[in-house]
Amino acid sequence: MNLSSKTIDILQNVSLEVNAGETIAIVGSSGSGKTTLLSIIAGLDIPTSGEVYLKGQALHVADEEARAAIRGQYVGFIFQQFLLIPSLTAKENIMLPAELANMDNAEVLAQELLTKVGLSERGDHFPSQLSGGEQQRVAIARAFITQPDILFADEPTGNLDNTTGAQIENLLFELHQQAGTTLVVVTHDPKLAERCQRQVVMNNGHLEEQPAPLVEVV
């Protein structure tokens, strides 16, 4: 068999609707399709079939430039690997999305968020000078600086010890409540999942107990 011609269906007949202001956890074993689902509903990838709507806009027919514009307007991201820019300070990393959005008050907002995440004295430090927990706090502040309608978090506590992970969870939900942001989290952490209003389970590419083949973020 020519393996290069073999097609693997990662997601199959998935249907999910996420309501504004909701907190939802996508859980399941490794390789079940959780991160793929997150990437598709966030507009980082597009499905080979089906429909995906974010804030009423059809992502499945939008090109990368259009999807990037939609993400820039509505979406914030938090990743397991932090993905901070090593050559920028903590404050500069937080400011970056606001600057890309041409916000005039980027530095003021970044300093306010540094204070909220408990790093008011660490703004001039580079990522290499911060602990893993501190880097994730910077990443959370960066995600919130544009006041996104929707925040996607992929294993936000996956690289942290239990104590630091619990602190990050508290911070994430505290900022979510303050901003009224819709929160969609992929996680293996049952404690984090239980804090969400709803959990959905990915199992071998299927989203359990979900009806029609439509993925929509309202």
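For the structure given in this document, a descriptive report is provided here. Every value quoted in this text rests on a predicted model; they were computed, and no experiment measured them. (Residues numbered from 1 in each chain as written. Predicted model: local features only at pLDDT ≥ 70, side-chain atom pairs only at ≥ 80, totals over all residues. Heavy atoms only, no water.)

**Examining the overall build of the protein**
Along the protein, the regular secondary structure elements total 7 helices and 10 strands. A globule of 218 residues ought to have a C-alpha radius of gyration of about 17 Å, and the protein, at 18 Å, matches this closely. Counting only C-alpha atoms and orienting by the principal axes, one finds that the protein spans roughly 55 × 40 × 35 Å. Among the 218 residues that make up the protein, the fraction classed as buried is 47%. (Helix = DSSP H or I, 4+ residues; strand = E, 2+ residues; numbered from the N terminus. Rg over C-alpha atoms; globule rule 2.2 N^0.38 Å. Buried < 20%, exposed > 50% of the residue type's maximum accessible area, 1.4 Å probe, protein only.)

**What about the sheet that holds strand 8 (residues 198-203)?**
Read across the open sheet, the 6 strands follow the order 5-6-7-2-8-9; overall the sheet is mixed. The open sheet is flanked by strand 5 (75-79) and strand 9 (206-207), the only strands paired with a single partner. The sheet contact formed by strand 8 and strand 9 spans 2 bridges and is antiparallel. Looking at the pairing, Asn203 lines up with His206 of strand 9. (Pairing = 2+ DSSP bridges.)

**Here we look at the pattern of salt bridges**
Pairing is possible between side chains that carry opposite charge, provided their charged atoms lie close to one another. Under the counting rule described, the total for this entry stands at 7 salt bridges. Among the ionic pairs, Lys55 bridges to Asp149, the shortest N-O distance being 3.2 Å. Within this pair, whereas Lys55 is found in the loop between strand 3 (52-54) and strand 4 (57-58), its partner Asp149 is found in the loop between helix 5 (132-144) and strand 6 (150-154), the two being separated by 94 residues in sequence. Taking the relative accessible area as the measure of exposure, Asp149 reaches 32% and is therefore partly exposed. Residue Glu64 pairs with Arg67 through a salt bridge whose shortest N-O separation is 3.2 Å. Taken together, the positions of Glu64 and Arg67, both in helix 2 (residues 64-74) and 3 residues apart, correspond to about one turn of that helix. What you see here is one network of salt bridges that share partners, running through Glu64, Arg67 and Arg71. (Salt bridge = Lys/Arg side-chain N within 4 Å of Asp/Glu carboxyl O.)

**What about the pairing of strand 2 (residues 23-27)?**
Within strand 2, 5 of the 5 residues are buried, leaving the element largely enclosed by the surrounding structure. The two faces of strand 2 match: Thr23, Ala25 and Val27 on one face and Ile24 and Ile26 on the other face are all buried. Alignment of strand 2 against strand 7 (residues 182-186), held across 4 bridges, turns out to be parallel. By the bridge assignment, Thr23 is partnered in strand 7 with Leu183. Summarising the sheet, strand 2 and strand 8 pair through 4 bridges and their orientation is parallel. Its bridge partner lying in strand 8, Ile24 is registered against Arg198.

**Examining the nonpolar core**
Considering soluble globular proteins, one finds that nonpolar side chains tend to be buried as a cluster. In this structure, Ile78, Ile94, Val138, Ile140, Phe144, Ile145 and Leu151 are the most contacted members of the largest nonpolar core, which totals 37 residues. Elements with a contribution of two residues or more to this core: strand 2, helix 3 (90-100), helix 4 (106-116), helix 5, strand 6, helix 6 (162-179), strand 7 and helix 7 (190-194). The dominant element in this core, judged by the number of residues it contributes, is helix 5, at 6 residues. In this structure, Phe144 is in contact with Leu113, Leu151, Leu172, Leu175, His176, Ala179 and Thr181, ignoring residues within four places of it in sequence. If you look at the next biggest cluster of nonpolar residues, it comprises 24 residues, including Leu16, Leu37, Ile40 and Ile70. (Core = buried A, V, L, I, M, F, W, Y, C linked by side-chain atoms within 4.5 Å. Contact = heavy atoms within 4.5 Å.)

**A closer look at unusual backbone geometry**
Even without a glycine there, the phi angle at Phe82 is positive, about 70°. Positionally, Phe82 belongs in the loop between strand 5 and helix 3. Judged by relative accessible area, Phe82 falls into the buried class, the value being 9%. At Gln147, a position not held by glycine, the phi torsion is positive, near 50°.

**A few points about the packing of aromatic side chains**
Within the structure shown, the criterion is met by 2 aromatic pairs. Each member of the aromatic cluster is reached from another via a ring pair, and the members are Phe77, Phe79 and Phe152. (Phe/Tyr/Trp six-rings, centres within 6.5 Å; stacked < 30°, edge-to-face > 60°.)

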